[in-house]
Amino acid sequence: MLKRGLPPSHPGEILKEMFIVERGLTITEVAKGLNMARANLSSVINGHLGISPELAVKLSEAFGNTTQFWTNLQNNFELWHAERKVNRSAIRHFDKIAV
């Protein structure tokens with residue numbers, strides 16, 4: 001479980017700020033370079049879609065980092081929200097071995 005009070009940034013926000021804006025690129029330019037629809041990239045950047053494994057591969061190739069970097073950002077974001085959504089007290093535990 002991630003023990004943080006503040007939610008992690010959506011991966012699209014990190015993509016926008018650290019990889020697009022910082023390099024002086026446009027969303028249209030990056031979408032074309034990734035061979036994807038601008039609307040889909042915009043949905044990721046605006047936090048409406050997550051980073052799929054396929055997009056992680058494309059981003060790692062385009063920006064010279066790893067697919068794990070992108071998938072970890074997405075997983076951390078999703079896990080943080082899941083930890084707050086799931087009611088653990090309603091879950092039956094199966095940790096004891098029946099004899």
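Just above, that's the structure.
Residues numbered from 1 in each chain as written. Predicted model: local features only at pLDDT ≥ 70, side-chain atom pairs only at ≥ 80, totals over all residues. Heavy atoms only, no water.

Draft legend 1. Spatial organisation of the nonpolar core. Core analysis: the largest hydrophobic core is formed by 19 residues, its most contacted members being Leu15, Leu41, Leu59 and Trp70. Contributing elements (two or more residues each) for this core: α1 (11-21), α2 (27-34), α3 (38-45), α4 (53-63) and α5 (67-85). Once you skip the residues sitting within four places of it in the chain, Leu41 turns out to touch Leu15, Ile27, Val30, Ala31, Leu34 and Met36. (Core = buried A, V, L, I, M, F, W, Y, C linked by side-chain atoms within 4.5 Å. Buried < 20%, exposed > 50% of the residue type's maximum accessible area, 1.4 Å probe, protein only. Helix = DSSP H or I, 4+ residues; strand = E, 2+ residues; numbered from the N terminus. Contact = heavy atoms within 4.5 Å.)

Draft legend 2. Layout of the packing of α4 against α5. Direction vectors running N to C along α4 and α5 enclose 130 degrees, while the axes themselves pass 8 Å from each other. With respect to their mutual orientation, α4 and α5 come out oblique. Between α4 and α5 the crossing geometry is right-handed. Across the interface between the two elements, Ala56, Val57, Leu59, Ser60 and Phe63 of α4 pack against Thr67, Trp70 and Thr71 of α5. Residues belonging to the contact of α4 with α5 are distributed by class as follows: five nonpolar, three polar and no charged. (Axes fitted to C-alpha atoms, helices over the stretch in contact; angles between N-to-C directions. Parallel < 35°, antiparallel > 145°, perpendicular 65-115°, else oblique. Left-handed = near helix turned anticlockwise from the far one by under 90°. Nonpolar A, V, L, I, M, F, W, Y, C, P; charged D, E, K, R; others polar.)

Draft legend 3. A look at the side chain of His10. Tracing the sequence through the fold places His10 in the segment before α1. Taking the relative accessible area as the measure of exposure, His10 reaches 9% and is therefore buried. Polar side-chain contacts of His10 include one of 3.3 Å to the backbone oxygen of Leu49. (Polar contact = N/O pair within 3.5 Å; in protein donor to acceptor, adjacent residues only side chain to side chain.)

Such coordinate-based values are descriptive only and should not be taken to indicate function.
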